[in-house]
Structure formats: structure tokens, C-alpha cells
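# A closer look at the structure
Here's the letter readout for the chains.
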Amino acid sequence: MKQKKTERTLGLYLHIPFCKAKCAYCDFYSLPHREEKMDDYVAALSRHLEEVAPQAANHTVDTVYFGGGTPSYLGEKRLNKLLQTVKKRYRLSKDAEITLEANPDSAGDVKMLHSLRRAGFNRISLGVQTDDDELLREIGRIHTWEQVTSAVAAIRKAKFDNLSLDLIYGLPHQTMEAWEKTLARVVDLSPEHLSCYGLKVEEGTPLYDRRESAGLPDDGQQADMYLYAVAYLAQLGYGQYEISNFAKDGFASRHNLKYWTLGEYAGFGPGAHSDFGNVRYGYVRDLEGYIRGELVLSETESVPPPERDMEYIMLTLRTTAGIDRRGFENRFRERFAPLEEKFVLYEQHGLAARTANGWRLTPKGFLVSNRIIGELQDALTREKARRLAEAARGNYRIV
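## Observations regarding helix α3 (residues 110–119)
Every buried residue of α3 is accounted for by Met112, Leu113, Ser115, Leu116 and Ala119. Projection of α3 onto a plane perpendicular to its axis shows the buried side chains occupying an angular sector of 155°, all on one side. Seen from the buried face of α3, the exposed residues on the opposite side, beyond 90 degrees, are Lys111 and Arg118. Elements that come into contact with the buried residues of α3 comprise α2 (76–89), β5 (92–102) and α5 (145–157). Put simply, Asp109 is the residue that caps the front of α3, since its side-chain oxygen is 2.9 Å from the backbone nitrogen of Lys111. Looking one or two places after α3, you find Gly120, whose phi comes out positive at around 130°.

The following block contains the structure:
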């Protein structure tokens, strides 16, 4: 009997770098006041999608993600044109998850939303950040809480039944009480998915320049906000499935899960990154060059599957599913025992918990995940060195 071939799936990420205004904390590649470039950019993005399509002939595209910037600012006609290019050039699964990132000020038009829904978009990710209008202005957001509620109403009227809301905690002068209020008001909007990100003050942003006087909560206060969100959202049926992401049953972001499970994805647009065909690569942040058809790589690295053990540890431990003991050994031909010893110690300190097949980090462990992952990778490096030394002495055997 012929063995059935494993289906290869692919996620597409389309970067839309346009926005109305740059937020004080944003270090993504986004450009305000460049509307005159939108049509040329859509044409360049369409060409790029067509050029890559033959490489994806043996894949089924099961997720498409329009990120930014502010993709909703591009307008329905341009967005629908790009999605039609995807449908025409790629094998798109019937139940593909197709996400559009949007800001509340550009997502309140029911007619536009109806058009997007008919074209095939079926998931909206709305950037809310906070319910405090004064704080929104301080961080450079141009929408209001009233526009958030209006956008959510319009999204529901347009028959979208998969809505994600993005929030940020640790904002300037934000207290625990303010964060609790934000969560309560956002949950009242009944989204299917919530993303809660701790503010990171990145060098080169306006907020970084005034970080000392911005009234930013310290690490301990941010940690308390995070742990409160985890517990509060769990009580209301939002299961945590990744460090920063929570969803009702069946509504975890399938596209984002590709990033954390070593799935394949292809990125399009300046600043976009890919992990496709065992090659990781990214494009330079250059809108003008991209429009001219100059697909210049900012980085590229070929990584065979057996050499992705370190990456596997780092990414899977971002999820609440965690790391699979036997899956790790079968995939990488590495002993799990050195990692097991570390996990037992983490468990004693409340940082890790056992699963049916391996280990996961607890919410408390997520707060120090960078340190834990570094220690696990060090343990794996030492194990590899031991194996090499044994092999050199001629008495190594696979155990």
C-alpha cells in the first residue's frame, strides 16, 4: 500500500507599511503620509506574489495575514486586489484563515467591511492598546475608545465572527487599576481572541528618548499586570495558548502558531521575513526599492531541519502546549535527558509544569522564559560536546 504523502502547508504574510501616524513606541517598518505610493506598492506586491507562486506549487496555503503598518488604511479595493492575486496564483484551502490588521479609525465602515468579507477575509485583528483616550494620545494613537466600540459594532454587522483585539500593558503612568478596567471593558466587547503585549521601549522610537520621564511601570509592575491578565482571562473562557495570546476554544491564531511550531511561511514586502524551504530570509526596509522591483535580502540563512533543535526549544516553549519529549528526540536524534533534569528544577520553583508528553512553562515561567531557554540551550550544547568527545574516542553509541 502506498503511503499517503504528508500535506505541506504554507502561511503567507503580506506587509502593508502605510499608516496615518507613527506611534511613540513603534519600531516596525511603517510609513505615515505616503498615500501616493499605495497603488505602485500594490502592483509591486502583486508581482512579488506571482514570482514566488511557482515555488509554492506543492503547498496548500492555509493562512494569509495582512500586517503592517495599518493594512486597513490601504482601502478595500487594493486589499481585495491583493487577495485575488493570492487566490489566483496559490492553492488556497477552502477553510484558510485570512486576517486583516486594522486600526479602529479605519475599520468603522460597514460597507467596506462587507466588501472585504465577501472577498474572503474572515478574521480582523484590531489594534486597541488601551481604553484610556488620554493615554492613547500620549502614545501617539489617533483613535478613541468610542471609535473602538463603533469599529467592533461595524465588524459584527459585516458578519465577521473571528475578532482579535490587541492590548498593551506597562504604558506610561498606567496603574494596575487602569489595566484591570481596560481588560474588563475589552472583554465586554466579546472578542474571540485577545493579544496582551508588555510594552517594550525600543531604541530609536520617540518613547525611548523620553523613557526616564515617561512614568513607565517597572518590571515588577509589568509582571503583576501580566499575571493578572492570565488569571482574569482564564476565568472568562480565554485560554492562554502562547505567552501573549488568549482565545476562546477554536479561535487560536493559526497563522501565528506557524511561527511557534516551525511551520513554513513566506513574507512579502519590505521588512517582511520568511521561513520557507528550509531557508530563513528577510527583505530590506526600503519602500522605494521594493516598488522598483529590487528584492534585496537583509538576511538569509539555510537551516536543515535536523539543525533546528535550539530554535525548536525557543519557539515551542512560547506556547502552553510546550515541548514534546519524544517528538524532540525523534525529530533531532538528541537525548532529552539533559533537558529533563533542568525542567525538574524549574518545576520545583513553579516555573514549569509536566504535560502528558513533556513540559511547558507556567505563567510565572513565561516571565523569565529568556533565561530558561538560554539555560536549556546551554545544556543541549554541553550534551552535543559530550557526544562528539565520545565519538572521537570511538566508544559513542546512540542512546
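## Describing the packing of aromatic side chains
Going through the model one piece at a time under the given rule, you end up with 17 aromatic pairs. Centre to centre, the rings of Tyr13 and Tyr65 are 6.1 Å apart; their planes meet at 20°, and the pair counts as stacked. Of the two residues, Tyr13 is situated in strand β1 (residues 9–16) and Tyr65 in strand β4 (residues 60–68); the sequence distance between them amounts to 52 residues. Each member of the pair, Tyr13 as well as Tyr65, carries the same accessibility label: buried. When the centroid spacing of 5.8 Å and the interplanar angle of 70° are considered together, the rings of Phe328 and Phe336 count as edge-to-face. Of the two residues, Phe328 and Phe336, neither departs from the other in class, the shared state being buried.

## Some words on the sheet that holds strand β17 (residues 358–361)
Taken together, three strands build an open sheet; the order of strands is β15-β17-β16 and the sheet is antiparallel. Since the sheet does not close on itself, it has two edges, and those belong to β15 (323–324) and β16 (352–354), each with one partner. By the bridge criterion, two bridges tie β15 to β17 in an arrangement that is antiparallel. Its bridge partner lying in β17, Ile323 is registered against Trp359. Where helix α13 (residues 337–348) meets the sheet, its contacts fall on β15, β16 and β17, and the angle it forms with β16 comes to roughly 110°.

## Examining the nonpolar core
In this structure, Leu12, Phe66, Tyr90, Leu126, Phe268 and Phe343 are the most contacted members of the largest nonpolar core, which totals 100 residues. Examining the composition of this core, we find that seven residues originate from one element, helix α1 (residues 38–52), more than from any other. With sequence-adjacent residues up to four places away left out, Tyr90 is seen in contact with Leu12, Leu49, Val52, Ala53, Ala56, Val61 and Phe268. Counting residues in hydrophobic clusters, the runner-up holds 11 residues, among them Cys23, Cys26, Ile139 and Ala214.

## Remarks on helix α12 (residues 325–332)
Its side-chain oxygen at 3.2 Å from the backbone nitrogen of Arg326, Asp324 defines the N-terminal cap of α12. One or two residues past the end of α12 sits Arg333, with phi positive at roughly 55°.

## Examining the environment of Val368
Within the element layout of this structure, Val368 appears in the loop between α14 (363–366) and α15 (369–392). For the pair Val368 and Leu388, spaced 20 residues apart in sequence, the C-alpha to C-alpha distance is 31 Å.

## Considering the packing of helix α6 (residues 176–187) against helix α8 (residues 219–235)
With their axes 10 Å apart at the nearest point, α6 and α8 run at an angle of 30° to one another. Here α6 lies roughly parallel to α8, going by the angle between them. The crossing of α6 and α8 is right-handed. On α8, the residues touching Met176, Trp179, Glu180, Leu183, Ala184 and Val187 of α6 are Asp224, Met225, Tyr228, Ala229, Tyr232 and Leu233. The class makeup of the residues in the contact of α6 with α8 is 10 nonpolar, no polar and two charged.

## What about the pattern of salt bridges?
Tallied over the full model, the rule gives 24 salt bridges. Glu138 serves as the salt-bridge partner of Arg210, at 3.9 Å between the closest nitrogen and oxygen. Residue Arg210 is found in the loop between α7 (206–209) and α8, and its partner Glu138 is found in helix α4 (residues 133–138); the two are separated by 72 residues along the sequence. Judged by its relative accessible area of 29%, Arg210 falls in the partly exposed class. Given the relative accessible area of 28%, Glu138 is considered partly exposed. Shared partners join several salt bridges into a network, and the residues in it are Asp275, Arg280, Glu301, Arg308 and Glu311.

## Focus on the state of the cysteines
Tallied over the entire structure, the rule returns zero disulfides. The structure places no disulfide on Cys19, whose sulfur is separated from the nearest cysteine sulfur, that of Cys26, by 6.9 Å. Looking at Cys196, it has no disulfide partner, and the nearest cysteine sulfur is the one in Cys23, 17 Å off.

The rules behind the values
- Residues numbered from 1 in each chain as written.
- Predicted model: local features only at pLDDT ≥ 70, side-chain atom pairs only at ≥ 80, totals over all residues.
- Heavy atoms only, no water.
- Buried < 20%, exposed > 50% of the residue type's maximum accessible area, 1.4 Å probe, protein only.
- Helix = DSSP H or I, 4+ residues; strand = E, 2+ residues; numbered from the N terminus.
- Arc of directions from axis to C-beta.
- Contact = heavy atoms within 4.5 Å.
- Polar contact = N/O pair within 3.5 Å; in protein donor to acceptor, adjacent residues only side chain to side chain.
- Phe/Tyr/Trp six-rings, centres within 6.5 Å; stacked < 30°, edge-to-face > 60°.
- Pairing = 2+ DSSP bridges.
- Axes fitted to C-alpha atoms, helices over the stretch in contact; angles between N-to-C directions.
- Core = buried A, V, L, I, M, F, W, Y, C linked by side-chain atoms within 4.5 Å.
- Parallel < 35°, antiparallel > 145°, perpendicular 65-115°, else oblique.
- Left-handed = near helix turned anticlockwise from the far one by under 90°.
- Nonpolar A, V, L, I, M, F, W, Y, C, P; charged D, E, K, R; others polar.
- Salt bridge = Lys/Arg side-chain N within 4 Å of Asp/Glu carboxyl O.
- Disulfide = S-S within 2.5 Å.

So, to be careful, I would describe these as geometric facts and stop short of saying anything about function.
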